[in-house]
Amino acid sequence: MKRTQGRGSRILTTVVLLIGAVAFLFPFYYMVIGSLQKEPDTTLAGAFPRFSNITGHNFAQINGSIDLWRSLLNSGIFTGGVLLCTMFFGVLAGYALALLHFRGKGTVFGAMLLMQVVPFQLLMIPLYVLIARTYGLADNYLGMILPYAINSTAVFIFRQYFLQLPGELFDAARIDGANELRVLRSIALPLVRPAMLTAVLLTFIGPWNEFLWPFLITKDQKKQPLAVSLANYISTVSGSASNPFGAILAGAVVLAVPAVGLFILFQRKFISTDLGSGVKG
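Worth saying up front: this structure is predicted, and the values here are computed from it rather than measured. (Residues numbered from 1 in each chain as written. Predicted model: local features only at pLDDT ≥ 70, side-chain atom pairs only at ≥ 80, totals over all residues. Heavy atoms only, no water.)

Draft legend 1. Here's a closer look at a nonpolar patch on the surface. The grouping of F28, V257, V260, F263 and I264 at the surface amounts to a nonpolar patch, some 420 Å² of accessible area in total. Of all the elements, helix 13 (residues 244-266) adds the most residues to the nonpolar patch, at four residues. Tracing the chain through its elements places I264 in helix 13. (Patch = residues over 30% accessible without salt bridge, like charges linked within 9 Å, V, L, I, M, F, W, Y side chains within 5 Å. Areas by Shrake-Rupley, 256 points an atom, 1.4 Å probe, with all protein chains shown as cover. Salt bridge = Lys/Arg side-chain N within 4 Å of Asp/Glu carboxyl O. Helix = DSSP H or I, 4+ residues; strand = E, 2+ residues; numbered from the N terminus.)

Right under this line is the structure:
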């Protein structure tokens, strides 16, 4: 009787998970199918189109309208710059807040947590004045990257991860004469790789999909990332396209694929840890 109940429970759990997976994946599937249709069909039946209605013309059309590859390159430069800054400053700040002792450390950590509840939109006007007018970085990759150079969420992730590392490792290195930068480079960084991967995956989505700040800071279309180029296409050019619905979805597919692919590629390593390898029990 218990075996029958256990098997029934597993079957029910599997069915519920499958339904949840289908519900979660269906919008992405519909987006891909819609991007490949010659003629738009916004009804539910459009999710199962005829083979004769499948084409790759929508991708070519939107590429001709907004220079898709140039926009992808801009998104890559913007996102890559943000990730590099996030890793560099996040590791340094997280290490200091977790393992160094200095006056005001608790205050700094509290202020960092407080910044997480401040909407970025409140800071956008003073940031625009500072970066565009004071520094003259409008229509510049650096102007897009600077407001996102330090990510408080990444700092928090690194701090919490550093706190989990065995303190004996760092004490032994300091006794051997290593300074803090050497300890960070030789001891902490090799052990904190899972946290770096987590920070990359969590940080990537923000700048890759960001619209408002790049839209404000860039007026030159050759510098605009894909999210901004797609918005401009929707508001100006899509009405003249033979299948504007399909062209917009084609751009959305191109925007979504890197983020989805990155998560699928690294999902097995997302929660991996290697903390015990450096300490003998």
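On we go from here.
Draft legend 2. The arrangement of the packing of aromatic side chains in detail. Evaluated as defined, the whole model comprises 11 aromatic pairs. Measuring from ring centre to ring centre gives 6.4 Å for Y95 and F170, while their planes differ by 65°; the resulting arrangement is edge-to-face. Remark: F170 occurs in helix 8 (residues 167-175) and Y95 occurs in helix 3 (residues 68-99); sequence separation between them is 75 residues. The burial state of Y95 is the same as that of F170; both residues are buried. Ring pairing ties together the aromatic residues F78, F120, Y148 and W213, which thus form one cluster. Its end group placed over the ring of F215, K219 keeps NZ or CZ at 5.2 Å from the ring centre. Against the face of Y141 rests K223, its NZ or CZ located 5.4 Å from the ring centre. (Phe/Tyr/Trp six-rings, centres within 6.5 Å; stacked < 30°, edge-to-face > 60°. Buried < 20%, exposed > 50% of the residue type's maximum accessible area, 1.4 Å probe, protein only. Lys NZ or Arg CZ within 6 Å of the ring centre and 35° of its normal.)

Draft legend 3. Quick peek at helix 10 (residues 193-209). Here helix 10 is 17 residues long and its end C-alpha atoms lie 25 Å apart, about the 24 Å a rise of 1.5 Å per residue gives. At T203, helix 10 shows its strongest bend, of approximately 25°, with the proline P207 following within four residues. Looking only at helix 10, the buried set comprises P194, A195, L197, T198, A199, L201, T203, F204, P207 and W208. In this structure, the buried side of helix 10 is in contact with helix 3, helix 7 (152-164), helix 9 (180-191) and helix 13. (Expected span 1.5 Å × (residues − 1). Bend = angle between axes of the 7 residues up to and from the residue. Contact = heavy atoms within 4.5 Å.)

Draft legend 4. Broad picture of the packing of helix 3 against helix 7. Packing of helix 3 against helix 7 leaves a shortest axis separation of 7 Å and a crossing angle of 45°. In terms of axis orientation, helix 3 runs oblique to helix 7. Remark: the crossing between helix 3 and helix 7 carries right-handed chirality. Taking contact as the criterion, the partners of T86, M87, G90, V91, A93, G94, Y95, L97, A98 and L99 in helix 3 are, on helix 7, A154, V155, F158, R159, F162 and L163. Looking at side-chain class alone, the contact of helix 3 with helix 7 contains 12 nonpolar, three polar and one charged residues. (Axes fitted to C-alpha atoms, helices over the stretch in contact; angles between N-to-C directions. Parallel < 35°, antiparallel > 145°, perpendicular 65-115°, else oblique. Left-handed = near helix turned anticlockwise from the far one by under 90°. Nonpolar A, V, L, I, M, F, W, Y, C, P; charged D, E, K, R; others polar.)

Draft legend 5. Structural detail: the pattern of salt bridges. For the structure on display, the rule yields two salt bridges. A salt bridge links R174 to D171, with the nearest nitrogen and oxygen atoms 3.5 Å apart. Separated by three residues within a single helix, R174 and D171 lie in helix 8, roughly one turn from each other. Notably, a salt bridge pairs R174 with E180, separated by 2.8 Å at the nearest N-O pair. What makes R174 partly exposed here is its relative accessible area of 29%.

Draft legend 6. Main features of the confidence of the model for the protein. Residues with a pLDDT of 70 or more make up 90% of the protein, whose mean pLDDT is 83. Per-element confidence in the protein is highest for helix 6 (residues 141-145), whose mean pLDDT is 94, and lowest for helix 2 (residues 57-66), whose mean pLDDT is 81. The low-confidence segment residues 273-281 (pLDDT under 50) makes 13 contacts with residues lying over four places distant or belonging to another chain. (pLDDT = per-residue confidence, 0-100.)

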